[in-house]
Structure formats: structure tokens, C-alpha cells
Amino acid sequence: GLRGLVAVVLVAFGVPFAFGLGVKLYQLVGAARGGVGWLRHQREEARARLRYDARALVGALRFLGRLTFAEREALVSALTLERYRAGDYVVRQGTRGRKFYLVRDGQAEVVQAGGPDGPHELARLRRGDTFGELALLYDQPRSASVRALTRLEVLALDGPTFATLIAPRLREHGFTRERLEARSELGRM
């Protein structure tokens, strides 16, 4: 009777429904795996682009022209990407220097406070420009602030790696405090 009819209805509708639900669940899991794979691919591609860009920027720095391939790769591997919004400060005048910076994208201004007319702009920084070397070379407080004018991406290098890989090259290349300050003066003009 009634039990048989319920059993037939359950088999007629329940089995295809359960099977269809299983198929959809399998497809959903496959799509999620594909999405995770796509995200992983995007992340790897961005990392590869960053390394390629860092190699090009480091290669363009004349004072690092004598780095061996291994030293250049060590330097590129040690660089970390930092992002700033327009108006954000990357470094502030008077603080201790902990990092060396290389501009990857965007623009920033070097501003110095303490003049009779208040803060004044010393230089504008663009792709390929560096900053922060003076404070690290001479272990002194930052002599100026650097503020993002646009969305800014910089490649940062920690102090110990700077001391090992870059400082000797700067000294070898004849970069002294006077030359670095003269560069700032030229930037101001």
C-alpha cells in the first residue's frame, strides 16, 4: 500500500536528487580548487614581476655596477615591497635610520623642517631614486622627511643588509656626505 508508494516516490525523486546534489557538490569543490590555483598563480606572477622589476632597478644604480651576480640576487631577495598612500610619510626627520629605500612606482617629496619659513621641499623622488642612505652610512638621525605625493611603492632594505652589500659600494664609488648633500641641493634647484 502506502508504504510501497512512499518507497517508490523516494526512489523516483530522492535518488536522482541526491545524485544531482552530489554532482553539484563535486563541481563546486573542483571550481574552488581551480579558484585557489588561479589565486596562487596570480600571487606567483606578482612575485616574479616584483623580482624582475627589482633586478632592473638595482641594475640601473651606477654605484652597484660591480656587484657579482650572486650579490645582486642576494640584494634583490632581501628587498621588501612597501606601499604608501598619498600624504603618508615613509620616513620622518629626526628618527633613526633603519632602512634604505628604492622608489619602484609613484612620486614622493623630500621635505626638511627647521627653516625660518617652515618646512621646505628639497627634492622630488621618482622611479629609480633612492633615499635613506645618509642616515645608515653615518648612523645619524634622518636629516629630512620623505612623504608620498601619489600612491607610492618602495623597495626597502634593512640596515644590516645595507651595511653588507651597499655601504661598501657607496664608499668605493666615492659617495660621501658632501656628495649626497650636493645631490639633494641639485634636486632642490
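Everything below is about the structure printed above this text.
We now turn to the structure provided with this report. What you see is a predicted model; the values in this text were computed from it and never measured.

## Concerning the packing of helix α2 (residues 69–78) against helix α4 (residues 159–172)
Packed helix pairs are characterised by how far apart their axes lie and by the angle those axes make with each other. In contact at an axis separation of 11 Å, α2 and α4 are set at 130 degrees when each is read in the N-to-C sense. Here α2 is positioned oblique relative to α4, judged by the angle of their axes. For the pair α2 and α4, the sense of crossing is left-handed. Along its contact with α2, which presents Glu71, Ala74, Leu75 and Ala78, the element α4 presents Thr161, Leu165, Ile166 and Arg169. Here the residues of the contact of α2 with α4 are counted per class, giving five nonpolar, one polar and two charged.

## Focus: the nonpolar core
Within the largest apolar cluster, 22 residues are counted, with the highest numbers of intra-cluster contacts made by Leu64, Leu75, Phe162 and Ile166. Those elements giving two or more residues to this core turn out to be α1 (2–59), α2, β3 (99–105), α3 (133–137), β8 (152–158) and α4. By residue number, the principal contributor to this core is α4, which donates five residues. When near neighbours in sequence (up to four residues on either side) are disregarded, Ile166 contacts Phe63, Leu64, Leu75, Phe100, Leu157 and Thr161.

Calculation criteria
- Residues numbered from 1 in each chain as written.
- Predicted model: local features only at pLDDT ≥ 70, side-chain atom pairs only at ≥ 80, totals over all residues.
- Heavy atoms only, no water.
- Axes fitted to C-alpha atoms, helices over the stretch in contact; angles between N-to-C directions.
- Helix = DSSP H or I, 4+ residues; strand = E, 2+ residues; numbered from the N terminus.
- Parallel < 35°, antiparallel > 145°, perpendicular 65-115°, else oblique.
- Left-handed = near helix turned anticlockwise from the far one by under 90°.
- Contact = heavy atoms within 4.5 Å.
- Nonpolar A, V, L, I, M, F, W, Y, C, P; charged D, E, K, R; others polar.
- Core = buried A, V, L, I, M, F, W, Y, C linked by side-chain atoms within 4.5 Å.
- Buried < 20%, exposed > 50% of the residue type's maximum accessible area, 1.4 Å probe, protein only.

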